[in-house]
Amino acid sequence: GALSNDPLGEINSELTVEINYKATIRLAELAKKAGVRKFVYSSSCSSYGANSEIVDENSELNPQTHYAKSKVNSELDILKLKSDSFFPVILRNATVYGYSSNLRLDLVINNLVGSAVSTGKIKLLSDGTAWRPLLHVEDMSNAFLTCLNSPDSKVSGEIFNVGSNDDNYTVREIAEKVERIVPNSKIEYSENANKDSRSYKVNFDKISNELNFKTK
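Report follows, based on the coordinates. Note on numbering: residues in each chain are counted from 1, in written sequence order. Totals for whole chains, interfaces and linings use every residue, but because this is a predicted model, local features are given only for residues with pLDDT of at least 70 and side-chain atom pairs only at 80 or more, for both listing and counting. Side-chain descriptors were evaluated using all non-hydrogen atoms of the structure, hydrogens and water having been removed beforehand.

1. Concerning the overall build of the protein
The line we're drawing: Under the scheme used here, helices are H or I runs from DSSP no shorter than 4 residues and strands are E runs no shorter than 2 residues, and both carry numbers assigned from the N terminus. Within these notes, the globule rule equals 2.2 Å times the number of residues to the 0.38 power, and the radius of gyration is based on C-alpha atoms. A simple rule labels every residue: compare its accessible area, found with a 1.4 Å probe on the protein chains alone, to the largest value its type can have, and call it buried under 20%, exposed over 50%, or partly exposed in between. Note on definitions: a residue-residue contact is assigned when non-hydrogen atoms from the two residues lie within 4.5 Å. All accessibility values rest on the Shrake-Rupley procedure with a 1.4 Å probe; residue burial counts only the protein chains present in the view. Charge assignment: positive for Lys and Arg, negative for Asp and Glu; neither His nor the chain ends contribute. Think of each charge as sitting on NZ of Lys, CZ of Arg, CG of Asp or CD of Glu.
Within the protein, the regular secondary structure consists of eight helices and ten strands. Taking 216 residues into account, the globule formula puts the C-alpha radius of gyration at 17 Å, and the protein, at 18 Å, falls close to it. Dimensions of the protein, computed from C-alpha atoms along their principal axes, come out at roughly 55 × 40 × 35 Å. Counting across all 216 residues of the protein, residues that qualify as buried make up 46%. Of the contacts formed within the protein by residues at least 6 apart in sequence, a portion of 81% connects residues at least 24 apart. Per element, the accessible surface of the protein, about 11600 Å² overall, is 49% carbon and sulfur. Each charge class in the protein can be summarised by its mean position, and for the 26 positive and 28 negative side chains these summaries are 3 Å apart.

If you want it as structure tokens, here you go:
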């Protein structure tokens, strides 16, 4: 649970710290105190921020927003709680899409599809050159189940990028796919469209090789 997108996180940076970081660490500490053995934290590939290289779990983090910074700080302090009886796991999820009962229309694919369906316009606020890794919501859910069902020794203290190497796209490529799929829709660039500093291509070999996780 968190203020879960960049614009919302930027409105009040202190509130973002209170909810996304401090409350998260308190939850982890209380879970440990209550005897929870495995604690799976939902982090984000946005932690990589602005990277021109393909990044993996060992790459330098470069968070660009208060949201991403809160994820990085939470990861660090949650991992410090690891012990012989408390096993934290960090999942850095790609950008999620897909239908759910609590549908989010702020995420890039859902946002562009929603705009295309409701207005006929696929509105891009940037120049579309930024890279994003993508992940269906059901695949994300399966990654959590995979970690919960894996031996403690395989996941304790580990960080896993969640997604597929085949699903790194530029925002422009995503928009073009939406344009082909949604009838009578057309890409439209904002007059003030500029380059998005948040751009990252992500490698997902670790979760595939170590936990045999595959997206469907």
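The structure having been displayed, the exposition proceeds.
2. Here we look at the environment of Ser118
Where we set the bar: Each polar contact in these results corresponds to two N or O atoms within 3.5 Å; when the atoms are within protein, one needs to be able to donate a hydrogen and the other to accept it, and residues that are neighboring in sequence are counted only if both atoms are side-chain atoms.
Mapped onto the elements of the fold, Ser118 is located in helix H4 (residues 108–119). A sequence separation of 67 residues divides Ser118 from Ser185, and the C-alpha atoms of the two residues are 9.6 Å apart. For Ser118, the side chain forms a polar contact with the main-chain oxygen of Gly114, separated by 2.7 Å.

3. Notes on the sheet that holds strand E7 (residues 159–162)
We apply this condition: Strand pairing follows a simple DSSP-based rule, namely that at least 2 bridges must link the two strands. The axes are straight lines fitted to the C-alpha atoms, using for helices just the contacting stretch, and the angles between their N-to-C directions are given from 0 to 180°.
The strand order E1-E3-E7 describes an open sheet built from three strands, whose pairing is parallel. Strand pairing shows two members of the sheet lacking a second neighbour, strand E1 (38–44) and E7, which therefore form its edges. Each neighbouring strand pair of the sheet contributes to a mean axis angle of 25°, computed without reference to strand direction. Inspection of the sheet shows strand E3 (residues 87–93) paired to E7 by four bridges, in the parallel sense. In the sheet register, Ile90 faces E7, and the bridge partner there is Ile159. Relative to the sheet, helix H5 (residues 137–149) contacts E1, E3 and E7, its axis offset from that of E1 by approximately 150°.

4. A word on the packing of H4 against helix H7 (residues 171–181)
Selection criterion: Angle categories: roughly parallel below 35 degrees, roughly antiparallel above 145, roughly perpendicular from 65 to 115, and oblique for all the rest. A crossing counts as left-handed when the near helix is turned anticlockwise from the far one by less than a right angle, and as right-handed when that turn is clockwise. Gly is put with the polar residues, along with every residue not named as nonpolar or charged; the nonpolar set is Ala, Val, Leu, Ile, Met, Phe, Trp, Tyr, Cys and Pro, and the charged set is Asp, Glu, Lys and Arg.
At a closest axis distance of 10 Å, the pairing of H4 and H7 adopts a crossing angle of 40°. By the angle class used here, H4 and H7 are oblique. The crossing of H4 and H7 is right-handed. Counting all contacts with H4, which are made through Val108, Ile109, Leu112, Val113 and Ala116, the residues of H7 involved are Val171, Ile174, Ala175 and Val178. Per-class residue counts for the contact of H4 with H7 are nine nonpolar, no polar and no charged.

5. Comments concerning the nonpolar core
Heads up, the rule is: Throughout this description, the term nonpolar core refers to a set of buried Ala, Val, Leu, Ile, Met, Phe, Trp, Tyr and Cys residues connected via side-chain atoms within 4.5 Å.
The biggest cluster of nonpolar side chains holds 24 residues, and the ones touching the most others in it are Val89, Leu91, Phe160, Val162 and Val202. Of all elements in the fold, only E3, H5, E7, strand E10 (199–202) and helix H8 (205–211) reach the threshold of two or more residues within this core. Top contributing element to this core by residue count: H5, with five residues. Once you skip the residues sitting within four places of it in the chain, Phe160 turns out to touch Glu57, Val89, Ile90, Leu91, Arg92, Lys154, Val155, Lys206, Ile207, Glu210 and Leu211. By size, the runner-up hydrophobic cluster in this structure holds 13 residues, among which are Leu124, Val171, Ile174 and Val182.

6. Some thoughts on the layout of surface pockets
What counts is decided by this rule: The rule is simple: put a 1 Å grid over the protein atoms alone, call a set of points where a 1.4 Å probe fits but cannot get out a cavity, call an open set with protein on both sides within 12 Å along at least five of seven lines a pocket, and count a residue as lining if it has an atom within 4 Å of a point. Grid points are joined across faces, edges and corners, and a volume is the space filled by probe spheres set on the points.
Considering only enclosed or pocket space, the largest pocket measures out at about 1500 Å³ in volume. Forming the boundary of the largest pocket are 49 residues, of which Ser4, Asn5, Arg104, Asp106 and Leu107 lie nearest the centre. Listed by contribution, the elements that provide at least two residues to the lining of the largest pocket are helix H1 (6–11), helix H2 (13–33), E1, helix H3 (66–79), strand E4 (95–97), H4, strand E5 (121–126) and H5. The leading source of residues in the lining of the largest pocket is E1, at six residues.

7. As for H4
Here is the rule: One fewer than the residue count of a helix, multiplied by 1.5 Å, yields its expected span.
Helix length check: H4, at twelve residues, gives a terminal C-alpha distance of 16 Å against a target of 16 Å (1.5 Å per residue), a fit within 8%. Where H4 is concerned, the buried positions are Val108, Ile109, Asn110, Leu112, Ser115 and Ala116. Its buried side turned inward, H4 meets E4, E5, strand E6 (131–136) and H7. Gly120 sits one or two positions beyond H4 and adopts a positive phi of about 80°.

In short, shape yes, function no, at least from these values alone.
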